[in-house]
Amino acid sequence: MASAAVRARCNRQIRAREVRVIGDDGNQVGVIPTAEALRMAREHDLDLVEVAPNAKPPVCKIMDFGKFKYEEQKKLQAARKKQSVVQIKEVKVRPKTDEHDFQTKLRHARRFLEAGDRCKVTVFFRGREIVHKDRGLMILQRMVDSVSDLARVEQQPRSEGRTMSLLLSPLTKKQ
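Residues numbered from 1 in each chain as written. Predicted model: local features only at pLDDT ≥ 70, side-chain atom pairs only at ≥ 80, totals over all residues. Heavy atoms only, no water.

## Topic: helix α5 (residues 133–146)
Then comes step 1: Its 14 residues place the ends of α5 20 Å apart at the C-alpha level, agreeing with the 20 Å of an ideal helix rising 1.5 Å per residue.
Then comes step 2: Here α5 has its buried residues at G136, I139, L140, M143 and V144. One side of α5 carries all its buried residues, which in axial view fall inside an arc of 140°.
Then comes step 3: Summarising the contacts, the buried residues of α5 are in contact with β5 (88–93), α4 (99–114), β6 (118–124), β7 (151–160) and β8 (163–170). (Helix = DSSP H or I, 4+ residues; strand = E, 2+ residues; numbered from the N terminus. Expected span 1.5 Å × (residues − 1). Buried < 20%, exposed > 50% of the residue type's maximum accessible area, 1.4 Å probe, protein only. Arc of directions from axis to C-beta. Contact = heavy atoms within 4.5 Å.)

Right under this line is the structure:
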């Protein structure tokens, strides 16, 4: 993944005629020609780094480019750490699933939803069971009713070949 530091231009890579310059002390110097800004950066033994390339004129800061890249990398790491990955867990049942097996599958689905993951409930049809799609719909509806306190239906039941599935998502977000 390319970071902003990799895309940031510095020193001679800056192509704008004029730039808005922020000094190494953080004070704004003003809009000056790029050559003048480069000379100022060299006087301080620092780099001229383009921090806002889309501004008119582009905003450049006199700073150490290595330090800038390091800080940008740290910001990206902190952002990645805060990201949460929501997984889709799957519970598979059949139209002839007995009560005890259904309760076990229901406990699994509840556990997935409580953990903050989305849960896909799939009914598999074997052989001539496919003619009884209404049984599959009943099982899916029963599952939805049983977890209605934890989840909402994200994707309504739909049939694909010999399977019928729906997607449940938790009401609360994963921490």
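## Comments concerning the confidence of the model for the protein chain
Then comes step 1: On average, residues of the protein chain carry a pLDDT of 88, and 95% of them reach 70 or more.
Then comes step 2: Note on residues 1–5: pLDDT is under 50 here. Beyond four places in sequence and across chains, it has eight contacts. (pLDDT = per-residue confidence, 0-100.)

## Quick look at the sheet that holds β8
Then comes step 1: Read from one edge of the open sheet, four strands run β5-β6-β8-β7, paired in mixed fashion. Edge strands, defined here as strands with exactly one partner in the open sheet, are β5 and β7. Pairwise comparison of adjacent strand axes, ignoring direction, gives a mean angle of 20° for this sheet.
Then comes step 2: Sheet strands in contact with α4 are β5, β6, β7 and β8, and its direction is about 170° off that of β5. (Pairing = 2+ DSSP bridges. Axes fitted to C-alpha atoms, helices over the stretch in contact; angles between N-to-C directions.)

## Looking at the nonpolar core
Soluble globular proteins: nonpolar side chains tend toward being buried together.
Then comes step 1: Counting 21 residues, the largest nonpolar core has L113, C119, V123, M143 and L168 as the members making the most contacts within it.
Then comes step 2: Counting residues per element, this core draws most heavily on α4, which supplies five residues.
Then comes step 3: Once you skip the residues sitting within four places of it in the chain, L113 turns out to touch C119, V147, L150, A151, L168, S169 and P170. (Core = buried A, V, L, I, M, F, W, Y, C linked by side-chain atoms within 4.5 Å.)

## Observations regarding the packing of aromatic side chains
Then comes step 1: Counted under the stated rule, the structure contains one aromatic pair.
Then comes step 2: Sitting over the ring of F102, R142 keeps its end group 3.9 Å from the ring centre. (Phe/Tyr/Trp six-rings, centres within 6.5 Å; stacked < 30°, edge-to-face > 60°. Lys NZ or Arg CZ within 6 Å of the ring centre and 35° of its normal.)

## With respect to the pattern of salt bridges
Then comes step 1: This model, assessed by the stated rule, comprises nine salt bridges.
Then comes step 2: E129 is paired through a salt bridge with R94; the nearest N and O atoms lie 2.4 Å apart. Taken as a pair, E129 in the loop between β6 and α5 and R94 in the loop between β5 and α4 lie far apart in primary sequence, 35 residues in all.
Then comes step 3: Since its relative accessible area comes to 26%, R94 is described here as partly exposed.
Then comes step 4: When the shortest N-O distance is used, the salt bridge between R118 and E154 registers 2.5 Å. Of this pair, R118 sits in strand β6 while E154 sits in strand β7, and the two are 36 residues apart along the sequence.
Then comes step 5: Exposure remark for R118: the relative accessible area of 23% places this residue in the partly exposed category.
Then comes step 6: Here E154 falls in the partly exposed class, since its relative accessible area comes to 34%. (Salt bridge = Lys/Arg side-chain N within 4 Å of Asp/Glu carboxyl O.)

## A few points about helix α3 (residues 65–82)
Residues three or four positions apart in an α-helix share a direction because the helix packs 3.6 residues into each turn.
Then comes step 1: Taking 1.5 Å per residue as the helical rise, α3 with its 18 residues ought to reach 26 Å, and the 26 Å between its terminal C-alpha atoms agrees with that figure.
Then comes step 2: Residues F65, F68 and E72 constitute the buried set of α3. Projected down its long axis, α3 carries its buried residues within an arc of 55°, all on one side. Opposite the buried face of α3, at more than 90 degrees from it, the exposed residues are Y70 and K81.

## Structural notes on the sheet that holds strand β1 (residues 18–22)
Two pairing modes exist for strands in a sheet, parallel and antiparallel, and in both the strands are linked by backbone hydrogen bonds.
Then comes step 1: Spatially, the four strands line up as an open sheet ordered β2-β1-β4-β3, and their pairing is mixed. Every interior strand has two partners, whereas the edge strands, β2 (28–33) and β3 (47–52), have only one. Each strand axis lies, on average, 35° off the axis of its neighbour in the sheet, ignoring direction.
Then comes step 2: Sheet analysis places β1 next to strand β4 (residues 59–63), joined by three bridges and oriented parallel. The residue of β4 that forms the bridge with R20 is V59.
Then comes step 3: Seen against the sheet, helix α2 (residues 34–43) touches β1, β2, β3 and β4 and runs at an angle of roughly 130° to β2.
Then comes step 4: Set on the sheet, α3 makes contact with β3 and β4; between it and β3 the angle comes to about 35°.

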